[in-house]
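# Structural features, examined
In case you want the letters, here they are:
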Amino acid sequence: YPLFLRLVLGPSAPENIAPVSIVQHVLGLVVGVLIYVLLRHLDLAPVVAAAGAAPSLLDGYQIGIEQFILAETVFTAMAVGAFVLLFWESVGPAHAAAGSLLIAFSTLTRPAGIALFAPLLLYLVLRRASFIAIATAALSFVLPVAGYAAWFHDVEGSWRLSDYGPLFLYGRVAPFASCDELDLTPAERELCDPLPVDERPRPDFYYWNPHSPIRDYWHLSPERRDRLYSSFASEVIQEQP
């Protein structure tokens, strides 16, 4: 996503970020059109194809996401583009590689995209794609993702695609965690919000706000912070599912 922003805005920090919203709205329209065209290509009726494209084109939440500096629109465009390539015709090595590469790029945009890789391979198997096509697809996904993970390890010291997972998990459980009922270490207990559950803010507060309990631990190494957030979240999830 930072590369996308640089393409749209240039290398310097601009005062006007409106071009990002404009480009992302255009991408949202393109996604809707691609879905419609693909469904018509698969011989579905126009009304069915229109219904399939409607969420991307008309959903207020989708339009809102396109307005902000968020990676979801770019992620969606690459994922949809991948499946248009794969569903359009018989899957040869070139189509399989291009589609898989787009899934890899979507994964590097939002790590949740990794969940699309297994269905992609399963689809190729069910379509009876050649061994070369399946192998090419696998390599097209694994090489960029593994390369990014290696770079991340070199910079951050851990084999992963992002270091936000434990933080986001903590932010998801903090709004409802009843710490009086939990067996927590002193450090974990400091992550509890003293506010009553029905008065607590949204998860976003716990991720980013300077008054979030996590800020008291920002001086720790990333590894120690991750272990702390993960152990707190694990305890909450196990005891208060």
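Given the structure is predicted, the values throughout are model-derived calculations rather than measurements.

## Some thoughts on a nonpolar patch on the surface
Taken together, the side chains of V33, Y36, V37 and W88 make up a nonpolar region of the molecular surface, amounting to roughly 320 Å² of accessible area. The dominant element in the nonpolar patch, judged by the number of residues it contributes, is helix α2 (residues 18–41), at three residues. Within the fold, V37 resides in helix α2. Taking the relative accessible area as the measure of exposure, V37 reaches 38% and is therefore partly exposed.

## Focus: the state of the cysteines
Counting across every chain of the model gives one disulfide. Two residues share a disulfide in this structure: C179 and C192, whose sulfurs sit 2.0 Å from each other. Around the S-S axis, the bridge from C179 to C192 shows a dihedral of about -105 degrees and counts as left-handed. Of the two residues, C179 sits in the loop between α9 (165–173) and α10 (186–189) while C192 sits in the loop between α10 and α11 (203–208), which places them 13 residues apart along the sequence. As far as the burial class goes, C179 and C192 line up, both buried.

## Looking at the packing of helix α1 (residues 2–9) against α2
Where α1 meets α2, the closest approach of the two axes is 9 Å, and the angle between their N-to-C directions is 110 degrees. One finds that α1 runs roughly perpendicular with respect to α2. Taken as a pair, α1 and α2 cross one another with a handedness that is right-handed. Each of F4, L5, V8 and L9 in α1 lies in contact with α2, whose residues at this interface are P19, V20, V23, Q24 and L27. Its residues assigned to classes, the contact of α1 with α2 shows eight nonpolar, one polar and no charged.

## Quick word on the pattern of salt bridges
According to the stated counting rule, one finds two salt bridges in the structure shown. Between R110 and E72 there is a salt bridge, with its nearest N and O atoms 3.3 Å apart. Note that R110 is positioned in the loop between α6 (93–109) and α7 (117–126) and E72 in helix α5 (residues 72–88), a separation of 38 residues in sequence. Given a relative accessible area of 23%, E72 falls into the partly exposed group.

## Digging into the side chain of S212
By the element assignment, S212 lies in the loop between α11 and α12 (222–239). A residue is classified by how much of its surface remains accessible, and S212, at 2% relative accessible area, is buried. A polar contact of 3.0 Å, which involves the side chain of S212, links it to the backbone oxygen of Y206. Setting aside chain neighbours within four positions, we find S212 in contact with Y170, F205 and Y206.

## Concerning the environment of L42
Its location among the elements puts L42 in the loop between α2 and α3 (46–58). Relative accessible area serves as the criterion here: at 41%, L42 is assigned to the partly exposed category. Expressed as a C-alpha distance, the spacing of L42 and F87, which sit 45 residues apart in the sequence, is 8.5 Å.

## Description of unusual backbone geometry
Notably, D43 is not glycine yet its phi reads approximately 70 degrees, a positive angle. Turning to its location among the elements, D43 is positioned in the loop between α2 and α3. The phi dihedral of R128 is positive, around 55 degrees, even though this residue is not glycine. Locating R128 in the fold gives a position in the loop between α7 and α8 (131–156). Judged by its relative accessible area of 78%, R128 is exposed.

## Observations concerning α6
End to end, α6 covers 24 Å across 17 residues, agreeing with the expected 24 Å (1.5 Å per residue, within 8%). Taken together, the buried positions of α6 are occupied by A96, A97, G99, S100, I103, A104, S106, T107 and T109. For α6, the secondary structure elements touched by its buried residues are α5, α7 and α8.

Conventions used here
- Note on numbering: residues in each chain are counted from 1, in written sequence order.
- Per-residue local features of the predicted model are confined to residues with pLDDT of at least 70, and side-chain atom pairs are confined, for both listing and counting, to 80 or more; whole-chain, interface and lining totals are unaffected and use all residues.
- In computing side-chain properties, one takes all heavy atoms of the structure into account and sets aside hydrogens as well as water.
- Residues enter a patch when their relative accessible area is above 30% and they make no salt bridge; the linking distance is 9 Å between like charges and 5 Å between nonpolar side chains (Val, Leu, Ile, Met, Phe, Trp, Tyr).
- Only the protein chains shown count as cover for residues, and the accessible areas themselves come from Shrake-Rupley with a 1.4 Å probe.
- Between Lys or Arg on one side and Asp or Glu on the other, a salt bridge is scored when a side-chain nitrogen of the former is within 4 Å of a carboxyl oxygen of the latter.
- Strands are runs of DSSP state E lasting at least two residues, helices are runs of H or I lasting at least four, and both sets are numbered from the N terminus onward.
- Only protein chains enter the calculation, and the probe is 1.4 Å; a residue is then buried if its accessible area is under 20% of its type maximum, exposed if over 50%, and partly exposed in between.
- By disulfide we mean two sulfur atoms from cysteines, separated by a distance within 2.5 Å.
- To obtain an axis, a line is fitted to C-alpha atoms, over the contacting stretch when the element is a helix, and the angle between two such axes runs from 0 to 180 degrees between their N-to-C directions.
- Reported orientations rely on four angle classes, namely roughly parallel under 35 degrees, roughly antiparallel over 145, roughly perpendicular from 65 to 115, and oblique for the rest.
- Crossing handedness follows the turn of the near helix against the far one: under a right angle anticlockwise gives a left-handed crossing, and clockwise gives a right-handed one.
- The criterion used for residue contact is that any of the two residues' heavy atoms lie within 4.5 Å.
- Gly falls in the polar group here, along with every residue not listed as nonpolar (Ala, Val, Leu, Ile, Met, Phe, Trp, Tyr, Cys, Pro) or charged (Asp, Glu, Lys, Arg).
- In protein, a polar contact means a hydrogen-donor-capable atom and an acceptor-capable atom, both N or O and within 3.5 Å, with residues adjacent in sequence counting only if both atoms are side-chain atoms; elsewhere, any N or O pair within 3.5 Å suffices.
- Multiply 1.5 Å by the residue count of a helix minus one, and that product is the helix's expected span.

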